[in-house]
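Working through the structure, step by step
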Amino acid sequence: KAGVTQTPRYLIKTRGQQVTLSCSPISGHRSVSWYQQTPGQGLQFLFEYFSETQRNKGNFPGRFSGRQFSNSRSEMNVSTLELGDSALYLCASSLARGRAAGEQFFGPGTRLTVL
Amino acid sequence: KNEVEQSPQNLTAQEGEFITINCSYSVGISALHWLQQHPGGGIVSLFMLSSGKKKHGRLIATINIQEKHSSLHITASHPRDSAVYICAVLYSGGGADGLTFGKGTHLIIQP
């Protein structure tokens, strides 16, 4: 069974631009969660999607958004990029959602650099 | 704000030593995860616990719900165990939160 895939793996953008990252979950997994990892803040929860609906959202500004498609693939978008958005963005998939999610399977991440 | 505290932050040990990493949290949880992150960023889920103890190979994870504390043990440590170990919890209170993560423990096992 293929693991969680994320594209692209590396991305360089400039301030003010927008970016879209993609995550394909393990086949059969319907929940996709997104996380941001920075050296200063560590890992932080961004949002969770299940059945094409955002179910949970972390404490991030509205510039961070996402969506999930009918095949469970998910995208996240960051608009008006700031230097502080430079981070490793990880997605994880699981069979169920929220408190019944069980084990999460992480993708390799997308490393975003904002210049 | 609900916090997850890990200790130690950094740990260097010799091959073969018994390793313990600790995680404390502040309020009731639905589940606690132990994750492993190697250089380059990839994260692997090691355990998910809501009570008791789990073992997988040389790794053992325990949780004490009353004490709000979990430990990850590595027996007969090996240089390939060198990684960052991260504790994460899913709080059981109301609200729409996802996992809350500790800052991680940087483990180095020297041959």
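Higher on the page you've got the structure.
Everything in this summary refers to the structure shown in the same document.

Criteria and cut-off values
- Per chain, the residues get numbers from 1 upward, laid out in the order the sequence is written.
- Starting at A for chains and at 1 for ligands, labels are handed out in the order in which the entities are written.
- Local features in this predicted model are restricted to residues of pLDDT 70 or higher, and side-chain atom pairs are both shown and tallied only at a pLDDT of 80 or more, whereas totals for entire chains, interfaces and linings draw on every residue.
- Hydrogen atoms and water are omitted, and side-chain values are computed over all heavy atoms in the structure.
- Paired strands, in this sense, are two strands between which DSSP finds at least two bridges.
- Secondary structure counts use DSSP, requiring at least four H or I residues in a row for a helix and at least two E residues in a row for a strand, with both numbered from the N terminus.
- For helices, the fitted line uses only the C-alpha atoms of the stretch in contact; every axis is such a line through C-alpha atoms, and the angle between N-to-C directions lies from 0 to 180 degrees.
- By salt bridge we mean one thing: a side-chain nitrogen of Lys or Arg within 4 Å of a carboxyl oxygen of Asp or Glu.
- Only protein chains enter the calculation, and the probe is 1.4 Å; a residue is then buried if its accessible area is under 20% of its type maximum, exposed if over 50%, and partly exposed in between.
- Two cysteine sulfur atoms make up a disulfide if the distance between them is within 2.5 Å.
- Any pair of residues with heavy atoms lying within 4.5 Å of one another is described as a contacting pair.
- Each of two parts loses accessible area, computed with a 1.4 Å probe, when they are put together; buried area is these two losses added.
- Identification of polar contacts relies on pairs of N or O atoms within 3.5 Å, with a donor-acceptor requirement for protein atoms, meaning one able to donate a hydrogen and the other able to accept it, and with residues adjacent in sequence counted only if both atoms are side-chain atoms.
- Ten residue types, Ala, Val, Leu, Ile, Met, Phe, Trp, Tyr, Cys and Pro, are classed as nonpolar, four, Asp, Glu, Lys and Arg, as charged, and the remainder, Gly among them, as polar.

**Focus: the sheet that holds strand E1 (residues 4-7) of chain B**
All names here are of chain B. Spatially, E1-E3-E8-E7-E6 is the arrangement adopted by the five strands of the open sheet, whose pairing is antiparallel. The sheet is open, and its two borders are formed by E1 and strand E6 (52-56), each paired with just one other strand. Sheet twist, expressed as the average angle between the axes of neighbouring strands with direction ignored, equals 15°. Of the pairings in the sheet, the one linking strand E3 (residues 19-25) to strand E8 (residues 69-74) comprises six bridges and is antiparallel in character. Note that in E8 the partner of isoleucine 19 across the bridge is isoleucine 74.

**A short note on the pattern of salt bridges**
Oppositely charged side chains may form a pair once their charged atoms are brought near each other. Under the definition given, this model contains five salt bridges over all chains. A salt bridge links A:Arg73 to A:Glu75; the nearest nitrogen and oxygen atoms lie 3.3 Å apart. Judged by relative accessible area, A:Glu75 falls into the buried class, the value being 15%. Measuring nitrogen to oxygen at the nearest pair gives 2.8 Å for the salt bridge that ties B:Asp81 to B:Arg58. Here B:Asp81 is found in the loop between E8 and strand E9 (83-91), whereas its partner B:Arg58 is found in the loop between E6 and strand E7 (59-64), with 23 residues between them in sequence. Through salt bridges with shared partners, a single ionic network connects A:Arg63, A:Glu82 and A:Asp85.

**Examining the state of the cysteines**
Inspection of the entire model under this criterion finds two disulfides over all chains. Residue pairing for A:Cys23: its cysteine sulfur links by disulfide to A:Cys91, the two sulfurs lying 1.9 Å apart. Judged by the sign of its S-S torsion, about 75°, the cystine formed by A:Cys23 and A:Cys91 is right-handed. Of this pair, A:Cys23 sits in strand E3 (residues 19-24) while A:Cys91 sits in strand E9 (residues 87-94), and the two are 68 residues apart along the sequence. Here B:Cys23 connects covalently by a disulfide to B:Cys87, the sulfurs 1.9 Å from one another. Between B:Cys23 and B:Cys87, the disulfide has an S-S torsion of -60° and is therefore left-handed. Linking B:Cys23 in strand E3 with B:Cys87 in strand E9, this pair joins segments that are 64 residues apart in sequence.

**A few points about the sheet that holds strand E1 (residues 5-7) of chain A**
Residue and element names in this part refer to chain A. With respect to topology, four strands assemble into an open sheet ordered E1-E3-E8-E7, the strand pairing being antiparallel. Unpaired on one side and paired on the other, E1 and strand E7 (64-68) mark the two borders of the sheet. Strand-to-strand twist across the sheet, computed as the mean angle between neighbouring axes with direction ignored, equals 20°. Of the pairings in the sheet, the one linking E1 to E3 comprises three bridges and is antiparallel in character.

**Remarks on the interface of chain B and chain A**
Contacts between chain B and chain A engage 20 residues on the former and 19 residues on the latter. Buried surface at the junction of chain B and chain A, summed over both partners, amounts to about 1600 Å²; 54% is from carbon and sulfur atoms. In this structure, the connection of chain B to chain A is made through zero salt bridges. Counting across the interface, chain B meets chain A through two residue pairs in polar contact (both at pLDDT 80 or more). Breaking the side of chain B that touches chain A down by element, the ones donating at least two residues are strand E4 (29-37), strand E5 (43-49) and E9 of chain B. Counted by class, the side of chain B that touches chain A contains nine nonpolar, nine polar and two charged residues.

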